[in-house]
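Listed here are the chains, written in short residue letters.
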Amino acid sequence: MTPEQALKKYFGYDSFRPGQREIISALMSGRDALAILPTGGGKSLCYQIPAICMPGLTLVISPLISLMKDQEDGLVEMGVAARSLSSATTTEHFTETMRLARAGELDLLYVAPERLELEGFRETLASLHVTMVAVDEAHCVSQWGHDFRPSYMRIAELLEDFAERPVFAAFTATATAQVREDIIAQLRLRDPFCYISSFDRPNLHFSVLKPENKNRALLRLLEEEESSIIYCGTRKGVEEVTAMLNDCGVDAVGYHAGMADELRAKAQEDFVADRAPVIVATNAFGMGIDKSNVSFVVHYNMPKDLESYYQEAGRA
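Peer 1: Any chance you could explain the overall build of the protein chain here in plain terms?
Peer 2: Helix and strand content of the protein chain: 11 helices and 11 strands. Relative to a compact globule of 316 residues, whose C-alpha radius of gyration would be 20 Å, the protein chain shows 20 Å and is just as compact. Its C-alpha atoms put the protein chain at 65 × 40 × 40 Å along the principal axes. Relative to its 316 residues, the protein chain shows a buried fraction of 52%. The protein chain carries 31 positive and 45 negative side-chain charges, and their two centres are separated by 2 Å.

This is the structure we're talking about:
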């Protein structure tokens, strides 16, 4: 099956977006790749299409359980053989997933990077026919990036386990030159094909407001009750702004890393399902969120650097 045939059969599209075909061609020719594509630019297709077209298993390393589950569910619905393993995985699900993988009946297996640190799992992976490893949100491997995850540092060690080295692909929405160099070094990419998309997002309008009263200005922006993300710099700020919006009749939910897991998951689900049009959050929220109708993003407090600002603003 050609990439074009897979694109039409499983995803219903007639043509690729800019950059996708070049990245796919590089990977299918056996070359490592580093792709910087903006949020909404179609990063996942760049490894899903080769996974469908190539023999063997594609291992996808992703930092978010919710994102893995969303992608797994979407792919299975389209008829693609995909499974995910997370901290919520039952023994039965793990056993069945490994059976399918060993039998060559899986195209994609999604795992969190922390799973690579579990005793015995890397040995299990080494016994499988893994032809490609795709690292999503690859900026997490860099200490210069804005979402550094120490467990990402173990990914390159996978290369030592395989009898035959798989193709390695790294994807992220934003990465400075320093972060790009760090990704290539930390993941030990070999002569990678590098594709850096334009950072221009013609569908977005950027503006800076200097209101006398931030809360009143925020309420005016939310009058249309469109899907919106409000970023605050602290957990306390999230709680205060959420309470203020609720008191003023805005159906908003809060999200930060200090909340209980189930409350955080419910807030995200309510927002994604449009049960709550507004989510107030720290930068702990948003990576990998697949929501097509976010009308605007408000930074109630400025982020720590321009890269973080672009990453968060790009979720509109």
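Peer 1: I'm lost on the packing of helix α8 (residues 214–221) against helix α9 (residues 235–247) in this one. Help?
Peer 2: Packed helices, taken two at a time, are described by their axes: the angle between them and the distance between them. The interhelical angle for the contact between α8 and α9, taken along N-to-C directions, is 60°, at an axis separation of 11 Å. In terms of orientation, α8 and α9 fall into the oblique class. For the element pair α8 and α9, the recorded crossing hand is right-handed. Contact residues: Asn-215, Leu-218 and Leu-219 in α8; Val-241, Met-244 and Leu-245 in α9. In the contact of α8 with α9, the residues fall into five nonpolar, one polar and no charged.

Peer 1: I tried to follow helix α1 (residues 3–11) on my own but got confused; where do I start?
Peer 2: Each turn of an α-helix holds 3.6 residues, which means side chains three or four residues apart point in the same direction. Within α1, burial applies to Pro-3, Ala-6, Leu-7, Tyr-10 and Phe-11. Around the axis of α1, the buried residues are gathered within 105° of arc, so they sit on the same side. Where α1 is buried, its residues contact α2 (20–28), α3 (43–53) and α4 (65–77). Directly after α1, the chain includes Gly-12, whose backbone phi takes a positive value near 80°.

Peer 1: Honestly, unusual backbone geometry in this entry has me stumped. Any pointers?
Peer 2: What you tend to see is this: most non-glycine residues have negative phi, and most peptide bonds are trans. Of note in this structure, Arg-188 is not a glycine but carries a positive phi near 55°. Residue placement: Arg-188 occurs in the loop between α7 (177–186) and β7 (193–196). The residue Asp-191 is not glycine, and still its phi comes out positive at about 40°. Its place among the elements puts Asp-191 in the loop between α7 and β7.

Peer 1: Got a minute to help me understand a negative patch on the surface in this structure?
Peer 2: A surface patch of negative charge is lined by Glu-223, Glu-224, Glu-225, Glu-226 and Asp-251. Of note, Glu-224 is situated in the loop between α8 and β8 (228–231). Looking at Glu-224, the relative accessible area reads 60%, which means it is exposed.

Peer 1: Where do I start with the sheet that holds strand β1 (residues 33–36) in this structure?
Peer 2: Think of a sheet as strands paired side by side through backbone hydrogen bonds, with each pair either parallel or antiparallel. With parallel pairing, seven strands are arranged side by side in an open sheet as β3-β4-β2-β5-β6-β1-β7. Across the chains shown, the open sheet's two edge strands, defined by having one partner strand only, are β3 (82–85) and β7. Taking the axes of each pair of neighbouring strands and ignoring which way they run, one obtains an average angle of 15° across the sheet. Note: β1 against strand β6 (residues 167–172), four bridges, orientation parallel.

About the criteria used
Residues numbered from 1 in each chain as written. Predicted model: local features only at pLDDT ≥ 70, side-chain atom pairs only at ≥ 80, totals over all residues. Heavy atoms only, no water. Helix = DSSP H or I, 4+ residues; strand = E, 2+ residues; numbered from the N terminus. Rg over C-alpha atoms; globule rule 2.2 N^0.38 Å. Buried < 20%, exposed > 50% of the residue type's maximum accessible area, 1.4 Å probe, protein only. Lys, Arg positive; Asp, Glu negative; His and termini not counted. Charge placed at Lys NZ, Arg CZ, Asp CG, Glu CD. Axes fitted to C-alpha atoms, helices over the stretch in contact; angles between N-to-C directions. Parallel < 35°, antiparallel > 145°, perpendicular 65-115°, else oblique. Left-handed = near helix turned anticlockwise from the far one by under 90°. Contact = heavy atoms within 4.5 Å. Nonpolar A, V, L, I, M, F, W, Y, C, P; charged D, E, K, R; others polar. Arc of directions from axis to C-beta. Patch = residues over 30% accessible without salt bridge, like charges linked within 9 Å, V, L, I, M, F, W, Y side chains within 5 Å. Areas by Shrake-Rupley, 256 points an atom, 1.4 Å probe, with all protein chains shown as cover. Salt bridge = Lys/Arg side-chain N within 4 Å of Asp/Glu carboxyl O. Pairing = 2+ DSSP bridges.

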